[in-house]
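# Geometric and topological summary
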Amino acid sequence: MRLAMAAILSIAAGLSATTPAPALAPAPFEGAWMSCETYQGAEVCDYTVLAQRGERVCGLQGYFATNAYYEQRFVGTVKANVAHIEKICGDPGSETDTYCAGRAPDGAENVGWGRSDEKLFVCDGRLFAASGADSTSCTGVTRRSGTPRVRSTGDKGPAPEDRAWLGSCADGAE
């Protein structure tokens, strides 16, 4: 009896090992994109780190502009090949005028989520942004434009507490 049971289990194990696991749907907005340049002798990097779960996308971005560094958090929905950013908060600048809750300086008036009409799309591994009615087509984009995908942002990317927020956001908590 034991011999027969061992044979059955061996056959079953062999069958399950050859049966492929169902393929997961690709998540084009999962990963990190970054570009760096030198400004007044220092390396400054712009980054976007995204987590996608189904149609939900959460992101962190940091960029240098007008002699200052800005960081934001955002939440959106993926439709086809475009991530539509619906709400954003962070350092007030060109992307938002609303500080994230728990990160605003004393006396700040705009705290919480602000609205956004920004969209993100990926072409040939590079991340592109568009606003309003701007095109989100890969037609006409060049290999030199957009932000390249990277394996890691290293120490030039988001802080650990921001990465923790990203994971919880992707799982449904904001």
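Residues numbered from 1 in each chain as written. Predicted model: local features only at pLDDT ≥ 70, side-chain atom pairs only at ≥ 80, totals over all residues. Heavy atoms only, no water.

## A closer look at the packing of aromatic side chains
We apply this condition: Each Phe, Tyr or Trp ring, with Trp reduced to its six-membered ring, pairs with another whose centre is within 6.5 Å; inter-plane angles below 30 degrees give stacked pairs, above 60 give edge-to-face pairs, and intermediate values give tilted ones. Only runs of H or I of at least four residues qualify as helices and only runs of E of at least two qualify as strands under DSSP, and these elements are numbered from the N terminus. Type-normalised accessible area, obtained with a 1.4 Å probe on protein chains alone, sets the label of each residue: buried when under 20%, exposed when over 50%, and partly exposed for intermediate values.
Tallied over the full model, the rule gives four aromatic pairs. Here the aromatic rings of Tyr 39 and Phe 64 are separated by 4.8 Å at their centres, their planes lie at 50°, and the arrangement is tilted. Of the two residues, Tyr 39 sits in strand β1 (residues 31-39) while Phe 64 sits in strand β3 (residues 56-65), which places them 25 residues apart along the sequence. Here the aromatic rings of Trp 113 and Trp 165 are separated by 6.3 Å at their centres, their planes lie at 40°, and the arrangement is tilted. Of this pair, Trp 113 sits in the loop between β5 (82-90) and β6 (114-115) while Trp 165 sits in helix α2 (residues 160-170); the two residues are 52 residues apart in sequence, bridging distant segments of the chain. According to the relative accessible area criterion, Trp 113 is partly exposed, its value standing at 32%.

## Examining the side chain of Thr 48
Locating Thr 48 in the fold gives a position in strand β2 (residues 42-53). What makes Thr 48 buried here is its relative accessible area of 12%.

## Re the layout of surface pockets
Note the cut-off: Of the grid points, spaced at 1 Å and generated over the protein atoms alone, those admitting a 1.4 Å probe that cannot get out make up cavities, while open sets with protein on both sides within 12 Å along at least five of seven lines make up pockets; any residue with an atom within 4 Å of a point is treated as lining. Grid points are joined across faces, edges and corners, and a volume is the space filled by probe spheres set on the points. Polar here means any residue outside two lists: the nonpolar Ala, Val, Leu, Ile, Met, Phe, Trp, Tyr, Cys and Pro, and the charged Asp, Glu, Lys and Arg; Gly therefore counts as polar.
Quantified by volume, the largest pocket comes out at close to 330 Å³. Around the largest pocket sit 19 residues that line it, and Thr 48, Gln 61, Leu 120, Ala 129 and Thr 147 are the ones nearest its centre. Within the residue set of the lining of the largest pocket, elements represented by two or more residues are β1, β2, β3, β5, β7 (118-123) and β8 (126-131). Among the residues making up the lining of the largest pocket, the classes are represented as ten nonpolar, six polar and three charged.

## Comments concerning the nonpolar core
As a reminder of what qualifies: We define the nonpolar core as a collection of buried residues of types Ala, Val, Leu, Ile, Met, Phe, Trp, Tyr and Cys that are connected through side-chain atoms lying within 4.5 Å of one another. Any two residues whose heavy atoms approach within 4.5 Å are treated as being in contact.
Cys 58, Trp 165 and Leu 166 are the most contacted members of the largest nonpolar core, which has 13 residues in total. For this core, the secondary structure elements donating two or more residues are β1, β2, β3 and α2. If near-sequence neighbours (up to four positions away) are discounted, Trp 165 is found in contact with Cys 58, Gly 59, Leu 60, Arg 73, Phe 74, Val 75, Trp 113 and Glu 174.

## Describing the pattern of salt bridges
Note the threshold: When a carboxyl oxygen of Asp or Glu lies within 4 Å of a side-chain nitrogen of Lys or Arg, that pair is called a salt bridge.
As enumerated under the stated definition, the model contains eight salt bridges in all. A salt bridge links Arg 73 to Asp 162; the shortest N-O distance between them is 2.8 Å. A residue pair is termed long-range when its members are at least 10 positions apart, and Arg 73 in strand β4 (residues 68-79) and Asp 162 in helix α2 qualify at 89 residues. The two residues Arg 73 and Asp 162 agree in class, both being buried. The residue Glu 161 makes a salt bridge to Arg 103 at a minimum N-O spacing of 3.7 Å. Here Glu 161, found in helix α2, pairs with Arg 103, found in the loop between β5 and β6; they are 58 residues apart in sequence, far enough to count as distant. Given the relative accessible area of 47%, Glu 161 is considered partly exposed. Beyond isolated ion pairs, a larger network of salt bridges with shared partners links Arg 73, Arg 103, Glu 161 and Asp 162.

## Concerning the environment of Ile 88
Along the chain, Ile 88 falls in strand β5. A relative accessible area of 2% places Ile 88 in the buried class. Discounting chain neighbours no more than four positions away, the residues touching Ile 88 are Gln 61, Gln 72, Arg 73, Phe 74, Glu 95, Thr 96, Thr 98, Gly 112, Trp 113, Gly 114, Arg 115 and Ser 116.

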